[in-house]
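Architecture and fold: a report
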Amino acid sequence: MTQTAYRAQLLTFREDPAHAADGAVYEADGLLIVEDGKVVAAGAYASIRDRLSPDATVQTMRDKLIVPGFIDSHIHYPQTDMIASPAPGLLPWLNTYTFPTERGFENPAVARETASFFIDELLACGTTTALVYCTVHKQSADAFFTESEARNLRMVAGKVLMDRNCPEFLRDTAQSGYDDSAELIARWHGRGRQHYALTPRFAPTSTEAQLEACGALAQKHQDVFIQSHVAENTDEIKWVESLFPGHRSYLDIYDHYNLLRRRAVYGHCIYLDERDRQRMAETGAVASHCPTSNLFLGSGLFDFEKAGESNMPVALATDVGGGTSFSMLQTMNEAHKVARLTGHHLTATRMFWLATTGAAQVLELDDKIGTLKPGSEADFVVLDPNATPLLARRMARTESLEELLFAFALLGDDRAVFETYAAGKRVHARESRRTAKLEMAA
Ligand code: GUN
Ligand code: ZN
């Protein structure tokens, strides 16, 4: 295979910038060499240009910044069409918009078409890996994985488990949920770049029998992911207390059913107490912080300070359609403000870590994605500091890496994503998507 190389600014991480001042590595004149879908080398142009093979193609884009592909640790693909639906809080939003919308995914054609648009949108925002909720219908998971596999993306997804407290048309049973999940694991988990996630929606919509069955399946498949929601909203928490009396906390319910472990990812984690955070840290379960969703639904403020003190693993997420943007840059923007409201200063450098290498580490995918290490899969984003007139003006005055990344996070969105690559192949080009849209409109 011939090499393709990209001469641009490069951002990678050697460790969490919260723990090491030199955690971020920035090359003003960098080179990324890719061959066969994998990174051959990445670093200063002057030091690695001798690694270029004589027939390598070198694309020069020195005004652009290459970063590892973004990782969105919690998103619902069936909620694409109901993003920005108004409701006074989580539970009415679920009943009014979410459940009726998810009903449509019984139809494989709806699922396929939505999965395709959803993936286009992720890639347009520079997100190359996401932890994705499908609906209760197993065909919704088949449709998502089929689309992801066709584009050779590393994705994690699962059919929702839900056997009570939702409309009849969205219910499975403890047995059918177990059987369908087992069938989907057999079909998709470890096939190419696909991973399965056992997906009990949240404790209120599963019976004890279903959580028990899910825990049993998780024990059988130690390397599958688990994803759910916890401690998002005060009304939800009261409801959970009435449904599961006798548990120390909401999180304790998942603990009881053996659903806390590495590769278990819990959306929101706003109202955890100290003991809960310790359990997350001890078990390696990951808190997925979804700031645009938490602000939109008025759910509450995630506490970065306490998360850091307890060493609870954390990643960032959009939570579309509760979240209001597919963009991890816009997610950083809101994460910064949520942190400010709790008295914490969350740097842009740390937010880029949390959306790339940090997420890959806590998800145990860092041998494959989230870095530009030699041998890793070439999933990366090319960011454009001149994407909009305002961004260009602000960028012209930035005086440090932190200021540059901060401007991307606060002012950037899909317009700032010039190109996106997955396994070395270009899977999004901003200009061709714009042109395609114009052609469709004409
Ligand atoms: N809790 C249970 N289901 C959902 C969902 O779809 N979105 C959000 N934000 N919270 C949930
Ligand atoms: Zn969610």
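Residues numbered from 1 in each chain as written. Chains lettered and ligands numbered in written order. Predicted model: local features only at pLDDT ≥ 70, side-chain atom pairs only at ≥ 80, totals over all residues. Heavy atoms only, no water.

**Remarks on the coordination of the zinc ion (ligand 2)**
Under perfect tetrahedral coordination by four donors, a metal shows angles of 109.5 degrees; under perfect octahedral coordination by six donors, it shows angles of 90 or 180 degrees. Where we set the bar: Distances define the donors: N, O and S atoms within 2.8 Å of the metal qualify, as do those within 3.2 Å of Na, K or Ca. Water is excluded, so some sites may look unfinished. Only protein chains enter the accessibility calculation, which uses a 1.4 Å probe; a residue whose area is less than 20% of its type maximum is buried, one above 50% is exposed, and one in between is partly exposed.
Around the zinc ion (ligand 2), the protein contributes the donor atoms His 74 (NE2), His 76 (NE2), His 229 (NE2) and Asp 319 (OD), at 2.0 to 2.2 Å from the metal centre. Spacing between the donor residues of the zinc ion (ligand 2) along the chain follows H-x1-H-x152-H-x89-D. Residue classification places His 74 among the buried positions, given a relative accessible area of 1%.

**Overview of the pattern of salt bridges**
Working definition: two side chains of opposite charge can pair if their charged atoms are close together. For clarity, the threshold we go by: Any carboxyl oxygen of Asp or Glu within 4 Å of a side-chain nitrogen of Lys or Arg constitutes a salt bridge here. In DSSP terms, a helix is any run of H or I states spanning at least four residues, a strand is any run of E spanning at least two, and both are numbered starting from the N terminus.
A complete count under the given rule lists 34 salt bridges for this structure. Close ionic contact of Arg 154 with Glu 377 constitutes a salt bridge, the shortest N to O distance being 2.7 Å. In this pair, Arg 154 is assigned in the loop between helix 4 (138–150) and strand 7 (155–158) and Glu 377 in the loop between helix 14 (357–362) and strand 14 (380–383), connecting sequence segments 223 residues apart. The buried category is assigned to Glu 377, whose relative accessible area is 11%. Between Glu 403 and Arg 394 there is a salt bridge whose closest N-O contact spans 4.0 Å.

**Some words on the site of ligand 1**
Heads up, the rule is: We call a residue near a molecule or strand when any one of its heavy atoms sits within 4 Å of it. Polar contacts here mean pairs of N or O atoms no more than 3.5 Å apart (in protein, one a potential hydrogen donor and the other a potential acceptor; neighbouring residues in sequence count only if both atoms are side-chain atoms). Shrake-Rupley sampling with a 1.4 Å probe provides the accessible areas, and residues are treated as covered by the protein chains on show and by no other component.
Taken together, His 76, Gln 79, Leu 90, Trp 93, Leu 94, Arg 201, Phe 202, His 229, Glu 232, His 268, Ser 293 and Asp 319 are the residues near ligand 1. One of the side-chain N or O atoms of Glu 232 is found 2.7 Å from a nitrogen atom in ligand 1. The contact in question runs from a nitrogen atom of ligand 1 to an N or O atom on the side chain of Asp 319, over 2.7 Å. The fraction of the free accessible surface of ligand 1 (270 Å²) that becomes covered by protein chains is 100%.

**Quick notes on the layout of surface pockets**
Worth spelling out the cut-off: Cavities and pockets are defined on a 1 Å grid built over the protein atoms alone: a cavity is a set of grid points where a 1.4 Å probe fits but cannot escape, while a pocket is an open set with protein on both sides within 12 Å along at least five of seven lines, and lining residues are those with an atom within 4 Å of any such point. Grid points are joined across faces, edges and corners, and a volume is the space filled by probe spheres set on the points.
Each pocket or cavity is described by its volume, and for the largest pocket that value is around 500 Å³. Asp 16, Ala 18, His 19, Arg 350 and Trp 353 are the residues nearest the centre of the largest pocket, which is lined by 25 residues in total. Elements with a minimum of two residues in the lining of the largest pocket: helix 11 (304–310), helix 13 (348–354) and helix 14. In this structure, the second largest pocket encloses a volume near 250 Å³. Looking at the second largest pocket, it is lined by 15 residues, and the ones nearest its centre are Thr 12, Phe 13, Ala 42, Leu 372 and Lys 373. Where the lining of the second largest pocket is concerned, the elements lending two or more residues are strand 1 (4–13), strand 2 (24–35), strand 3 (38–44) and helix 14. By residue number, the principal contributor to the lining of the second largest pocket is strand 1, which donates three residues.

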